[in-house]
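# Summary of structural features
Each chain, written out:
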Amino acid sequence: MSVTRTPEPAQATQGLFARIAGEAPEDRAEARNGLRHICSLSLTKISDGLIDPKLVLSWLLSAVAAPSALVGLLVPIREAGALLPQVFLADRAERMKRRKWMWVAGSAVQGVAALAIALAGWLLEGLAAGLAICGALAVLALARAGCSVSYKDVLGKTVGESRRGAVTGFAGSAASLGVLVFALLLVSGLMEAKAPVLIAIAVAGLFWLAAAAIFSTIEEAPSEDRGGADMTAFREVLADGGLRRFILVRGLLVSTALAPPYIVLLAQAGGDALLGQLGALVLASAAASFVSS
């Protein structure tokens, strides 16, 4: 009588990662790390979709009767707060032996900030709600800057070069599907009032905390202190003509981020502030993200 053997956990992990990445890594530790990357990155990308400042937070500020001027500040706070501090955080990241801890701390702070946004939307109204949400978003953006500046370094140390794209692409696709489900629920009309949006934002906070816990288990070898990047190196990079043109083009595309909040306001001004309108916008955004992933 034949006996079916159950694969050992290490073999099952390596096999699963091989199916996702398209090839099996020689090091079993890489397979474990790869799956942890996928889980943590998927959770954070879902959270980004659930708390999207361009759409979700813009709708929420309008729903709590916050001044329209604060709606216009959401995207600048989110984008500038997540990008500009990286210039200064890069030096700190370069001096850390295990850079995963900067990502873990950043994800945990984002989780707490998201929960604070949900609480403010539940308890406050008007200007107070708007200021509290914008303040929490600023903290969230700063924490995201720490995650961004450290993530690729950790990924490069723990996953092979030919398999990194599969890790980020799979996580992006999985996250887009998760946000699509949220958008379809909004469009369906099964949800009413602002409570579902607040619950989604709170879930985003819990997902960020869970991602921090998973990422903390990644097996990262110690790094050498490379002394960090100074402003001289930054000026040398900007001396590259091709890079300057690339930055210019990226800057001109800022309208794609600045316009959606006003589309949300116009949609609400045209009738009742229905969640179906928000769901349609989130659905379009999530579908675009899924295709690009």
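Located above this text is the structure these notes cover.
All values derive from a computational prediction rather than experimental measurement.

So, about the overall build of the protein. The helix and strand tally for the protein stands at 14 helices and zero strands. Beginning at the N terminus, the succession of helices and strands in the protein can be written as α-α-α-α-α-α-α-α-α-α-α-α-α-α. By sequence separation, contacts in the protein at least 24 residues apart represent 83% of the contacts at least 6 residues apart.

Okay, a nonpolar patch on the surface next. Taken together, the side chains of Val112, Leu115, Leu206 and Leu209 define a hydrophobic patch exposed on the protein surface, amounting to about 320 Å² of accessible area. If you list the elements that add at least two residues to the nonpolar patch, you get α6 (100-123) and α9 (195-215). By relative accessible area, valine 112 is classed as exposed at 52%.

Right, let's get into the packing of helix α2 (residues 28-50) against helix α7 (residues 126-158). Where α2 meets α7, the closest approach of the two axes is 11 Å, and the angle between their N-to-C directions is 160°. By the angle between their axes, α2 is roughly antiparallel relative to α7. Read as a crossing pair, α2 and α7 show a hand that is left-handed. Here Glu30, Asn33, His37, Leu41 and Asp48 of α2 lie close against α7, whose contacting residues are Arg144, Tyr151, Val154, Leu155 and Thr158. Split by residue class, the contact of α2 with α7 holds four nonpolar, three polar and three charged.

Moving on, we get to unusual backbone geometry. Phi at alanine 65 is positive, roughly 65°, even though this residue is not glycine. Checked against the element boundaries, alanine 65 lands in the loop between α3 (53-63) and α4 (68-83). Overall, the relative accessible area of 55% leaves alanine 65 in the exposed class.

Ranked by internal contacts, the top residues of the largest apolar core, which has 42 residues, are Ile51, Leu57, Leu60, Leu61, Ile117, Ile201 and Val282. If we ignore the near neighbours within four places in the chain, the residues touching leucine 61 are Ala66, Leu70, Val71, Leu74, Gly130, Ile133 and Cys134. In terms of nonpolar packing, the next biggest core, distinct from the first, is built from 20 residues, Phe17, Ala21, Val104 and Cys147 among them.

Quick look at the packing of aromatic side chains now. Under the defined criterion, the tally for this structure stands at three aromatic pairs. Ring geometry for tyrosine 151 against phenylalanine 215: centres 6.0 Å apart, planes inclined by 40°, an arrangement best described as tilted. Remark: phenylalanine 215 occurs in helix α9 and tyrosine 151 occurs in helix α7; sequence separation between them is 64 residues. The same class applies to tyrosine 151 as to phenylalanine 215, namely buried. Pairwise contacts between aromatic rings join Trp103, Tyr151 and Phe215 into one cluster.

Our focus in this paragraph is the environment of valine 282. One can find valine 282 in helix α14 (residues 275-292). Since its relative accessible area comes to 3%, valine 282 is described here as buried. The spatial distance from the C-alpha of valine 282 to the C-alpha of glycine 49 is 8.0 Å, given a sequence separation of 233 residues. In this structure valine 282 touches Leu55, Val56, Val179, Phe182 and Ala183, once residues within four positions along its chain are discounted.

Basis of the calculations
- Residues numbered from 1 in each chain as written.
- Predicted model: local features only at pLDDT ≥ 70, side-chain atom pairs only at ≥ 80, totals over all residues.
- Heavy atoms only, no water.
- Helix = DSSP H or I, 4+ residues; strand = E, 2+ residues; numbered from the N terminus.
- Contact = heavy atoms within 4.5 Å.
- Patch = residues over 30% accessible without salt bridge, like charges linked within 9 Å, V, L, I, M, F, W, Y side chains within 5 Å.
- Areas by Shrake-Rupley, 256 points an atom, 1.4 Å probe, with all protein chains shown as cover.
- Salt bridge = Lys/Arg side-chain N within 4 Å of Asp/Glu carboxyl O.
- Buried < 20%, exposed > 50% of the residue type's maximum accessible area, 1.4 Å probe, protein only.
- Axes fitted to C-alpha atoms, helices over the stretch in contact; angles between N-to-C directions.
- Parallel < 35°, antiparallel > 145°, perpendicular 65-115°, else oblique.
- Left-handed = near helix turned anticlockwise from the far one by under 90°.
- Nonpolar A, V, L, I, M, F, W, Y, C, P; charged D, E, K, R; others polar.
- Core = buried A, V, L, I, M, F, W, Y, C linked by side-chain atoms within 4.5 Å.
- Phe/Tyr/Trp six-rings, centres within 6.5 Å; stacked < 30°, edge-to-face > 60°.

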